[in-house]
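Chain by chain, the residues run as shown.
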Amino acid sequence: MGAPPSPAADRALSRPRRRGLAALAALVALAAVGTLALLDIRPPTPRPTDAPAEEFSAGRAYAHVAVVAGRPHVAGSPANDEVRAYLEAELRKLGLTPEVQDTVAEEAGQLSGAAAGATLARVRNVVARLPGTDPTGTVFLVAHYDAVQTGPGGNDNGAGVAAILEVARALTNGSALRNEVVFVLTDAEEACLCGASAFAADHPLAADKGVVLNLEARGRTGPVIMFETSPRNAALVEVFGRAAPHPVGTSFAVEVYRALPNDTDFTAFLDHGFVGLNSAYLDGGAIYHTPLDTPASMDRASLQHHGANTLALAREFGRIDLTDLDAGHDATYFPIPGGLARYPGPLVLPLALLALAGVIVLAWLARRRGRVTGGRLAAGFGLALVPIVLAPLGAQLLWAAITAIRPGYAMLLDPYRPTWYRLAVLALAAAVLFTWYALARRRVGPAALAIGGLGWLALLGVLLAVLVPGGAYLATLPALAGALAGLVAVAVRIDGPVPVIAVTLAGAVAVVVLLPVVVLLFPALGMTMGGVAALFAVLLGLAALPVVDLLHPEAGGQRGLVALRARRLGALPAGAATLAAVVLAGVGLAVDRFDAAHPTPTHLMYALDADTGQARWLSRESDPQPWTAQYVEGPVSIADDFPGLAHTDLLGGPAQAAPLPAPRLEVLADTSTAGQRTLRLRLTPQRQVRLATLHVDTSTATVRSAQVAGRPVPIETREGRWGFGVVFHAPPPEGIEITLTIEPRAAQVALRAQDVSDGLDQLPGFRPRPPHVGVVGSHTSEMLAVARTYPL
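The present account deals with the structure reproduced in this document.

Cut-offs and rules
Residues numbered from 1 in each chain as written. Predicted model: local features only at pLDDT ≥ 70, side-chain atom pairs only at ≥ 80, totals over all residues. Heavy atoms only, no water. Buried < 20%, exposed > 50% of the residue type's maximum accessible area, 1.4 Å probe, protein only. Helix = DSSP H or I, 4+ residues; strand = E, 2+ residues; numbered from the N terminus. Pairing = 2+ DSSP bridges. Disulfide = S-S within 2.5 Å. Expected span 1.5 Å × (residues − 1). Polar contact = N/O pair within 3.5 Å; in protein donor to acceptor, adjacent residues only side chain to side chain. 1 Å grid on protein atoms, 1.4 Å probe; cavity = no way out; pocket = protein on both sides within 12 Å on 5 of 7 lines; lining within 4 Å. Points joined across faces, edges and corners; volume = space filled by probe spheres on them.

Attention now goes to the pairing of strand β7 (residues 275-283). By the criterion of burial, β7 is predominantly enclosed, with eight of the nine residues buried. Bridge analysis of strand β5 (residues 211-217) against β7 gives seven bridges, and the strand direction is parallel. Bridge pairing links E216 to A280 in β7. One ladder, built from six bridges, connects strand β6 (residues 221-229) with β7; its direction is antiparallel. Within β7, the residue paired with E228 across the bridge is N278.

Here it is as structure tokens:
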């Protein structure tokens, strides 16, 4: 392989006579297709307040956002009570009769993890019903109205709540629907998904299940992505594709989300047998759960996207027969210009095998026609793995270097202004691909490298078809298109226009399939996982290698100065992409600086041990910012003192003790029977708090059963002193009744009571943050905990 290849063995899949013109035409065509693909996933233009009554108007909906997200309103707070009253009043204005489901519910999903047992909350869901004329089922429009303690929730989830109120207005003013529509504005989603769990499990309107459309947000802008469905979703996806005016979603996103430990209210409905769709916009994640998540931060185009899709889907699901939405299989689907492409799940594996067979036939035919040799095919296949590995690795190393320069990024989902960094990752992926191609092309040949790249795409398609069927299309369709184009190119004259047209069309398929996913992956996963976007960018490049080859001089036959000039010209794309990656990363660092409008994220908590009177500052920053460093000194363990706090890797430092009362634990009854002791207790916070916890020292007693607010809870234990516990969010002023049946292991059983409020401003020794220092989005940011042990 050391000798230069012969012209016969080094032929490409296309060799146009006017190479420069062919390259320009192919690139312009792919750029046009890519532009159309990206324009199609943009949010629509927001409609004004005077839009027709039957339409969704982001202008009208935004008026609700301004009220709902006027200030932080965590579940159980007086501010949340005001939001709930506003929602009831707005629904009444529409002629509906809202009710409040006031109950105690247990956690859905796996959000808490701090209690080593049950997590519960008092919830107050707002529910309103729009009757149908001849119902075959019920459509549930769901959004949570509570917010985190650190921010007002303008986007999360003021957008979802406002969208539902505006949709309710449009539906109540339009023609009656066949099916019943129920508006469900849930409480305590941020705490434990307990509001959704309470409705799905216990509300009479949920008894017959139905179709759920859940609205969420995890950022401030970008398209609304339908990112999760119930299983066997083909019928649901069919409705989504034909009814939603702006259908953005991929079956790959559904597969990824199913594998992640993330939960929304949709989880609770799925757990109770509902079907449906879950949608959110994700870009601008730097503000997520922070004080910056204000109404003013919202991109109203994203709000319009949310509402327009929800209204159209509510009307369509309200019109059709809902008795048979279980298709028996999942659909593969993805956005294309003008709509949503979709095909049945049972076709996934056959298509993947067909693509693999097509690449094998292409390799055989290309060898038979003298375009490649067997050795070069093997080399091309082996070498094509290089950019697949190096591009993601390079992207991760690039972000590690940027984070080392700007450590504050480690605490953010995404930078405040991530565009330059995203472009840098794409430029780096292109640099890896172009450099690899320039080095390997002369030795192995364009045809062998192109077929090798298609081989990896086809193999990846088969692997995904088996393991992650919803994502197989990302590799299968480009491989199949590339194989068909290659067969056409090999079967006709190499120097005619047909090969160029064929490989350009195959490249266009790859662009339509892969480019939107690359763009959507950045906000979905953040720059921390930018390597994933780089991987799919390289797969796009491999699928379009015959077009990339047109940027290089004609392969084969050059000697001396001509060959040297050809190599230099071939190195230009690689050099340009490398320079672009460096420049774009530098511009990102220069542009995205921390300032008052884009503050450095910091994390701080305060914990007071009422037994000893000692207090400490706590932070989960691994490399504390200068502001945080004035409070914390080094790693601390809090498991024995504050078992209700979930974080194990914390930094701590001494703090002045504040005059804060610990929660009171009263014994209402204490009885013993057959070696078991039953304690009926009341845990009552002595101040306005967000949550309260009670833990049992399992070295002093073994817990056999437990009830919280009259509800049996599962008995789960963890390692450590406080092996059993419960967490209760939004505790009522009168306290929480807890009944424990235990087997004593000591003369006294020890219980640790703790409650948690929010806000550090009034604590002794606290110094307010300067304008350029902000609060990280976390359920424990600004937390103030007080704990006390009760021996009984």
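The next thing to look at is the sheet that holds strand β19 (residues 711-712). Strand order across the open sheet formed by five strands is β15-β16-β21-β18-β19, with antiparallel pairing between neighbours. The strands lining the two open edges of the sheet, one partner per strand, are β15 (664-673) and β19.

This structure, assessed with the given rule, holds one disulfide. Covalent S-S linkage joins C192 and C194, the inter-sulfur distance amounting to 2.0 Å. Classification of the bridge connecting C192 and C194 rests on its S-S torsion, roughly -130 degrees, and on that basis the disulfide is left-handed. Under the relative-accessibility criterion, C192 is labelled buried at 0%. Its relative accessible area of 0% is what places C194 among the buried residues.

Taking 1.5 Å of rise per residue, the 20 residues of helix α10 (residues 300-319) would be expected to cover 28 Å, and the 28 Å separating its terminal C-alpha atoms lies within 8% of that figure. Burial of α10 is extensive: 17 of the 20 residues sit out of reach of the surface. Among the residues of α10, the N-terminal cap falls to D299, whose side-chain oxygen and the backbone nitrogen of A301 are separated by 2.9 Å.

A word on empty space enclosed by the protein. Counted according to the given criterion, the structure contains four cavities of 30 Å³ or more. The computed volume of the largest cavity comes to approximately 100 Å³. L213, N214, L215, V224, F240, L277, S279, H306, N309, T310 and L313 are the residues that line the largest cavity. Looking at the lining of the largest cavity, the elements with two or more residues in it are β5, β7 and α10. Broken down by element, the residue count for the lining of the largest cavity peaks at four residues, all from α10.

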